[in-house]
Amino acid sequence: MTMEVRARAPGKIILAGEHAVVHGSTAVAAAIDLYTYVSLRFPTPHDNDDALKLQLKDVDMEFSWPVRKLKEVLPELGIKSASSPSSCSLETSKAIASLVEELNLADAKLGLASGISAFLWLYTSIHGDKPAKVAVTSELPLGSGMGSSAALCVALSAALLSLSDSSKLDFSHQGWQTFGESELVLVNKWAFEGEKMIHGRPSGIDNTVSTFGTEYDECKHPNNVKFTTTYCKELKNLIVVLKYGKYLLHWEIFLGLFQLTKSITGNIVTFRSGELTHIKTNMPLKMLVTNTKVGRNTRALVAGVSERTARHGSAMTSVFKAVDSISNEVVGIIQSPVSDDLAITEKEEKLGELMEMNQGLLQCMGVSHSSIETVIKTTLKYKLATKLTGAGGGGCVLTLLPTHDLVLAATVVDKVIRELEDCGFKCLIAGIGGRGMEISFSGFSS
Ligand SMILES: Nc1ncnc2c1ncn2[C@@H]1O[C@H](COP(=O)(O)OP(=O)(O)O)[C@@H](O)[C@H]1O
Ligand SMILES: C[C@@](O)(CCOP(=O)(O)O)CC(=O)O
C-alpha cells in the first residue's frame, strides 16, 4: 500500500530582535498565514521507479538521483535513526555538495543549492535510500526574510517523519492534523538541522515558530465597522451602507479597510536561547509587509554580524543588549490590556518608536540596505514607522499600521501601498499569528 502525505508549515515575521537573537538576545515573532507545502509519495512496485525525485514548483525545477548513486556517494546512508536528529558530518556534507554540484545549477539558481542540500540530508537521514517523489511549493516569497527556508525544513521534516516506521499517526484521518508534543519537538529538531545547512548558524527562531505556530484568537477592536442594509426606492433594491462611527465610507476606503480588518491579529512569541514563550496579544496589531525584491543571503548576513562582533566585541555586546531591552519593551506593550482608543494610540506610538530604534541598531549591525532605506523614507512621509524583518540586506520590511482610527488607516494604507509599489516593491498585509505545521494524508492506493 502506498499513500501520499502533504505537510504545510507557515512563515513568520520578526517584530523585534533579528540577528541579536543569534547572540542570545530576545526576539519577538509571529507566524503568518502563508505556507510552504511539501508532498511525499513512495512509488509502488508497478511504478518501476528507482530514484529519489525532488520537484521545486516555485522555481519550476526537478531533480532526480538514482538510489544506486545515493548508495555509492553517501558514506553514512542507512545508519541514521529518524528518532535521533544529528548534525551533518563533514564527510556527508562534502558528499552532498558533490551531488548538488553535479546538478550544474545556473548562477542565478545557486541560492537553491543550500535548500537542495538540506533536502538530501533530511531525506536520507530519515528514509535512507528509499525511492520517492517529493514536491515543494510555497506561498512565501523565497529568500526574503519571511522564513521560507525554515518553512521548507519544517514541512519536509513533518512529511518525512509522518511516513517513517515510527509514525503513530492516524492515516485514515481526513483533513489537516497536527502531531503530538513529542513529535513536534522531533520535527523541530530535524528542521533545525536542515536550517543549519542553509543558514550556517541559525538561532532556531524561524523553525520553532513554524513548527509550533503562534496561536490566535480574535482580538476585538473597540470600534467595529458597522454594515447596515437600507431599501433604496430608486434602485428598488437593498443597498449596503458602510458605517464606521460617525463616517459613511467611500468605496475605495472600504476596500482598504477590508484589507485591514480581514487580516487576523493573532498572538506572538518571544524566543531567547532556544526557548519559545507564547504571549497573548492585547491590542490590534497590523503590519504592512513590503517586499523590496532585493535578493540577499541569510547565511552571509548572519556571518557578517558575527564578524563585526569579533572585531568590536564590546560595542556589539551593547547593541545586542539594547535590542534585548527593545524586544522586552515591545512585549510589555503588546501584552498589557487596552481600555480605549487613546490607549491604543499611545501604544502604537511607542511601538513605532521602538521599531525605529531597532532598525537603527540593525543598521549598526550592517544589515540594512538602500532599498530598505527607501521604504523607511516613503512610509515616514505618512508618519509610519518601518523596520526590516528577518536577515535584512533587502528582503522584506515591516511598517506598523495605525488601527486606532481604521478609516484614517485605510486611507493612508491605500496611498502608501500605491507609492511603494510605484518604486517597484510588492506590498501585502499578512495575517499575524496562526497554526504551526500540519499534515494531511491522501491518495490511498494498493
Ligand atoms: N519553496 C522553496 N523551493 C525551493 N527552495 C526553497 C524554498 N523555500 C526555501 N528554499 C531554500 O531556502 C533559501 C532561502 O532561505 P533564506 O535565505 O534563509 O531566506 P528566507 O528568509 O526566505 O528563509 C532558498 O535560496 C532555497 O535554497
Ligand atoms: C537573522 C535571523 O535572526 C533571522 C533570519 O530570518 P530569515 O532567514 O531572513 O527569514 C537569523 C536567525 O535568527 O537564525
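Residues numbered from 1 in each chain as written. Chains lettered and ligands numbered in written order. Predicted model: local features only at pLDDT ≥ 70, side-chain atom pairs only at ≥ 80, totals over all residues. Heavy atoms only, no water.

The name an unreviewed UniProt entry gives the protein is mevalonate kinase, with Salvia splendens as the organism. The Pathway (unreviewed entry) field of the UniProt record for the protein holds the comment "Isoprenoid biosynthesis; isopentenyl diphosphate biosynthesis via mevalonate pathway; isopentenyl diphosphate from (R)-mevalonate: step 1/3." Turning to the protein, the UniProt annotation filed under Sequence similarities (unreviewed entry) states: "Belongs to the GHMP kinase family. Mevalonate kinase subfamily." (UniProt positions renumbered as here; feature names shortened; annotations may be inferred.)

**As for a negative patch on the surface**
Together, Glu329, Asp340, Glu346, Glu349, Glu353 and Glu356 give the surface a local cluster of negative charge. By residue number, the principal contributor to the negative patch is helix α10 (residues 341-365), which donates 4 residues. (Patch = residues over 30% accessible without salt bridge, like charges linked within 9 Å, V, L, I, M, F, W, Y side chains within 5 Å. Areas by Shrake-Rupley, 256 points an atom, 1.4 Å probe, with all protein chains shown as cover. Salt bridge = Lys/Arg side-chain N within 4 Å of Asp/Glu carboxyl O. Lys, Arg positive; Asp, Glu negative; His and termini not counted. Charge placed at Lys NZ, Arg CZ, Asp CG, Glu CD. Helix = DSSP H or I, 4+ residues; strand = E, 2+ residues; numbered from the N terminus.)

**Examining the site of ligand 2**
The immediate surroundings of ligand 2 are formed by 19 residues, with Lys12, His19, Ser203, Arg296 and Ala391 found nearest. Lys12 is positioned with one of its side-chain polar atoms (N or O) 2.7 Å from an oxygen atom of ligand 2. For ligand 2, an oxygen atom lies 3.2 Å from a polar atom in the side chain of Asp206. Relative to its unbound accessible area of 380 Å², ligand 2 is 98% covered by the protein chains. When residues of the shell around ligand 2 are traced back to their parent elements, those giving at least two are β1 (2-16), α6 (205-212) and α8 (298-311). Per-domain counts for the shell around ligand 2 show at least three residues from each of domain 1 (2-214 + 434-445) and domain 2 (281-429). (Near = heavy atom within 4 Å. Polar contact = N/O pair within 3.5 Å; in protein donor to acceptor, adjacent residues only side chain to side chain. Domains from an automatic or database assignment.)

**Some thoughts on the pairing of strand β12 (residues 286-291)**
Of all 6 residues that make up β12, 6 are buried, and the element is covered over most of its length. Here β12 shows a buried face lined by Lys286, Leu288 and Thr290 and a second buried face lined by Met287, Val289 and Asn291. Relative to strand β14 (residues 396-401), β12 is paired through 6 bridges, and the arrangement is antiparallel. Bridged to Val289 within β14 is Leu398. (Buried < 20%, exposed > 50% of the residue type's maximum accessible area, 1.4 Å probe, protein only. Pairing = 2+ DSSP bridges.)

**Quick look at the packing of helix α11 (residues 370-380) against helix α12 (residues 406-422)**
At a minimum axis separation of 10 Å, α11 and α12 run at an interaxial angle of 150 degrees. Relative to α12, α11 is oriented roughly antiparallel. Considering how the two elements wind past one another, α11 and α12 form a crossing that is right-handed. Seen from α11, the contacting residues are Val375, Thr378 and Thr379; seen from α12, they are Val416, Glu419 and Leu420. For the contact of α11 with α12, a count of residues per class yields 3 nonpolar, 2 polar and 1 charged. (Axes fitted to C-alpha atoms, helices over the stretch in contact; angles between N-to-C directions. Parallel < 35°, antiparallel > 145°, perpendicular 65-115°, else oblique. Left-handed = near helix turned anticlockwise from the far one by under 90°. Contact = heavy atoms within 4.5 Å. Nonpolar A, V, L, I, M, F, W, Y, C, P; charged D, E, K, R; others polar.)

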